[in-house]
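Close look at the chain arrangement
Residues per chain, in single letters:
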Amino acid sequence: MSKLYEYLGISVFFYSNEHDTLHVHGRYQGRESKFEILIQNREIKGIRSKTVRGRKTLDRVQQQLLQEFVEAYPDQIVQSWIDYFVYNREIATEIINQRIK
């Protein structure tokens, strides 16, 4: 697992063994959700919320915070995905304690 961010207590990360659709996970107090970043022709076309099998979904407040975060940082998340999965680079965790909106 590579933790990219901690946003208002939500851990935002990649699992090291997942290489399917580009996505990022968010975990808070044992609950977890993920957001896929949809790319077409090298452009971000959308962001889609997904459940994580075997995990309770983030509650409404944390789900909304994570969605806001992913919508504000998609380019950085994509670059981190490339760095981590393509170039095998370690990712430093950034802690963000203020709401982005």
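What counts and how
- Residues numbered from 1 in each chain as written.
- Predicted model: local features only at pLDDT ≥ 70, side-chain atom pairs only at ≥ 80, totals over all residues.
- Heavy atoms only, no water.
- Helix = DSSP H or I, 4+ residues; strand = E, 2+ residues; numbered from the N terminus.
- Rg over C-alpha atoms; globule rule 2.2 N^0.38 Å.
- Buried < 20%, exposed > 50% of the residue type's maximum accessible area, 1.4 Å probe, protein only.
- Contact = heavy atoms within 4.5 Å.
- Pairing = 2+ DSSP bridges.
- Salt bridge = Lys/Arg side-chain N within 4 Å of Asp/Glu carboxyl O.
- pLDDT = per-residue confidence, 0-100.
- Axes fitted to C-alpha atoms, helices over the stretch in contact; angles between N-to-C directions.

1. Here's the deal with the overall build of the protein
For the protein, the count of helices and strands is two helices and six strands. Reading the secondary structure of the protein in the N-to-C direction produces β-β-β-β-β-α-α-β. A globule of 101 residues ought to have a C-alpha radius of gyration of about 13 Å, and the protein, at 13 Å, matches this closely. Dimensions of the protein along its principal axes, counting C-alpha atoms only, are 30 × 30 × 25 Å. For the protein, the proportion of its 101 residues judged to be buried stands at 42%. Summarising the internal contacts of the protein: among those between residues at least 6 apart in sequence, 52% fall at separations of at least 24.

2. Structural notes on the pairing of strand β5 (residues 43–51)
Pairing geometry for strand β4 (residues 31–40) and β5, over eight bridges, is antiparallel. Each residue of the ladder has a partner; that of Lys34, found in β5, is Lys50. What sits between β4 and β5 in their antiparallel hairpin is a turn of two residues, with Asn41 showing a positive phi close to 50°.

3. Notes on the pattern of salt bridges
Within the structure shown, the criterion is met by seven salt bridges. In this structure, Arg27 engages Glu32 in a salt bridge whose closest nitrogen and oxygen atoms are separated by 3.3 Å. Taking the relative accessible area as the measure of exposure, Arg27 reaches 24% and is therefore partly exposed. With a shortest N-O distance of 3.6 Å, Arg55 and Glu32 are connected by a salt bridge. Here Glu32 lies in strand β4 and Arg55 lies in the loop between β5 and α1 (60–72), a separation of 23 residues in the sequence. Shared partners join several salt bridges into a network, and the residues in it are Arg27, Glu32 and Arg55.

4. Some words on the confidence of the model for the protein
Close inspection of predicted coordinates is inappropriate for parts of the model with low pLDDT. Overall, the prediction assigns the protein a mean pLDDT of 92, with 99% of residues at 70 or greater. In the model of the protein, β5 stands out as the element of lowest mean pLDDT, 91, in contrast to α1, which has the highest, 96.

5. Description of the sheet that holds β4
Sheet architecture is open: six strands sit in the order β5-β4-β3-β2-β1-β6, paired in mixed fashion. Looking at the sheet topology across the chains shown, the edges are occupied by β5 and β6 (94–96). For this sheet, the mean angle separating the axes of adjacent strands, direction not counted, is 25°. In the packing of helix α2 (residues 74–86) onto the sheet, contacts are made with β1 (2–7), β2 (10–14), β3 (23–28), β4 and β5, and the angle to β2 comes to roughly 45°.

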